[in-house]
Amino acid sequence: MEPSTSLAPIGVSYSFSEDGDPEALCRNSRIDEEEAIAASLEEVTAGASRRQAKKRVRQELASRLLSVGERPGQDFFRLLAEKLEEYHVATPTVQIEYKNLTVKTHAAVGSAGIPTAGNFGPKLVKAAFGVGKATTQELTILDGLNGVLKPGRCTLLLGPPGSGKTTFLKVLGNRLRGCSRLQVSGQILYNGHRKDQFVVERTTAFVDQYDNHIPNLSVGETVNFAHTCQRGYREPEFSLSDELCRAKALSVVGAEGLQQQHSTDDLQPGCMGMSYSSNSKPRSSNRDAADYEQALVMDEIEHLIAQVWGTGAKTDVVMLLLGLGHCRDTLVGDGGLMLRGISGGERKRLTTAEMVVGPQRVLLMDEISTGLDSATLYSVITFFTSMSHALNLTTIISLL
């Protein structure tokens, strides 16, 4: 008897001897292959159904959040700010201080500063051989700026074109690294720390005035991709729902009572991300236990925070508030060059939404008014103002 030979595809093995029936084995292999394909298709379909279900849940949560009050979004942020102030919940904040901030460069003067068809060739040849350098003079873009950007405020940066607004925002966000033509001097402190002591890009979000997107992605896919890239798949380090629930418990029994009657091991997932086991409730009296139970009861705003925080519904909330909900499944496109997509104003709002969905506590926005009508711009600025006040964000927006 010779060794067995395999006729099955990869992943399925069959053995037969010379006395076996090859046709029967081929039929069995085809049947198993069809079963494997059917199982794979079923798994793909089930996965797509689960993703669609999660997507619908996020959209419903976003709609519920925006339906609070008479003004969409604004009333929720106002009530959230009142909650945080009532229970003294401290959110992460970043204060930026800049002292004697100066940016200089060297610019070509005369006809050399304006590239034309006549001087482009000679300039290229001179640059290649290193001869005949163009005459330059020092140009000061920012001259000795001093100021403080405090959290919880939305700062408006005004200035004519060419006044250095973009340079100022890029310096604050540390987006000028590797630019050897600019000489930056002065001191910038983030909560008292220099920019070389931590990664500034993880703290600040810079919204560029140019729209760079992947044309073949839809608006929803673009925002979700930006959210995943900035936050990752890990849980957020700061949980607003947990902090609010803990602050409510502290307001009932105080810090000493909480330390005496509870331990860290007693905290379990539940009410707004945390609850207490039966043996960790206050043991001093029934009244204390009743107060604890009352403290863990959530109202509408707290219940929404517990459901929305950390679920990815932030992307749907931002898209709705920026007026992108109706084009969630529309391709971004490339401005009509090869692939038709969303309009210019929607592209500008998408650029803003990409950076807002991240966890950064500092928002630097450059010329977000381009391509927006007055009504849309008013709603966008109102949204950022309300969000900055409620979540103690440090926001600076430059407009024409």
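Only a predicted model underlies this, so the values are computations on that prediction, with no experimental measurement involved. (Residues numbered from 1 in each chain as written. Predicted model: local features only at pLDDT ≥ 70, side-chain atom pairs only at ≥ 80, totals over all residues. Heavy atoms only, no water.)

Describing the sheet that holds strand β3 (residues 153-158)
Read across the open sheet, the four strands follow the order β3-β10-β9-β6; overall the sheet is parallel. With one partner strand each, in any of the chains shown, β3 and β6 (204-207) form the two edges of the open sheet. Between one strand and the next, the sheet's axes are offset by a mean angle of 15 degrees, whatever the strand orientation. Across six bridges, the pairing between β3 and strand β10 (residues 394-399) is parallel. Across the sheet, R153 pairs through a bridge with T394, a residue of β10. Taken strand by strand, helix α10 (residues 344-356) contacts β6 and β9 (362-366), and its axis lies near 170 degrees from that of β6. (Pairing = 2+ DSSP bridges. Helix = DSSP H or I, 4+ residues; strand = E, 2+ residues; numbered from the N terminus. Axes fitted to C-alpha atoms, helices over the stretch in contact; angles between N-to-C directions. Contact = heavy atoms within 4.5 Å.)

Considerations on the side chain of D316
Summarising the element assignment, D316 is placed in helix α9 (residues 314-321). Residues contacting D316, with those up to four places away along its chain left out, are R58, Q59, A62 and R328.

What to know about helix α4 (residues 165-172)
Three- or four-residue spacings in an α-helix give side chains the same orientation, since the helix completes a turn every 3.6 residues. Along α4, six of the eight residues are buried, which leaves the element largely enclosed by surrounding structure. Restricting attention to buried positions, one finds in α4 the residues K165, T167, F168, L169, V171 and L172. Where α4 ends, the next residue or the one after it, N174, has phi of about 60 degrees, a positive value. (Buried < 20%, exposed > 50% of the residue type's maximum accessible area, 1.4 Å probe, protein only.)

Some details on the sheet that holds strand β1 (residues 96-108)
What the four strands build is an open sheet, ordered β2-β1-β4-β5; its pairing is antiparallel. Edge positions in the sheet fall to β2 (136-149) and β5 (193-194), since each of these pairs with one other strand and no more. Here strand β4 (residues 183-190) runs beside β5; their pairing, made up of two bridges, is antiparallel. Considered in β5, the bridge of Y190 is made with H193. Here α4 sits on the sheet and contacts β1, β2 and β4; the angle it forms with β1, its principal contact strand, is near 125 degrees.

Notes on the environment of R153
Relative to the helices and strands, R153 resides in strand β3. Linking R153 and T385, residues 232 residues apart in sequence, is a C-alpha distance of 7.3 Å. The contacts of R153, once residues within four sequence positions are left out, are S388, H389, L393, T394 and T395.

A short note on helix α11 (residues 374-391)
Over its 18 residues, α11 runs 26 Å from end to end, which matches the ideal 26 Å to within 8%, given 1.5 Å per residue. Within α11, the full set of buried residues consists of T376, L377, V380, T382, F383, F384, S386, M387, S388, A390 and L391. N-cap assignment for α11: the residue whose side-chain oxygen lies 3.2 Å from the backbone N of A375 is D373. Taken from the residues just after α11, N392 is the one with a positive phi, measuring 60 degrees. (Expected span 1.5 Å × (residues − 1). Polar contact = N/O pair within 3.5 Å; in protein donor to acceptor, adjacent residues only side chain to side chain.)

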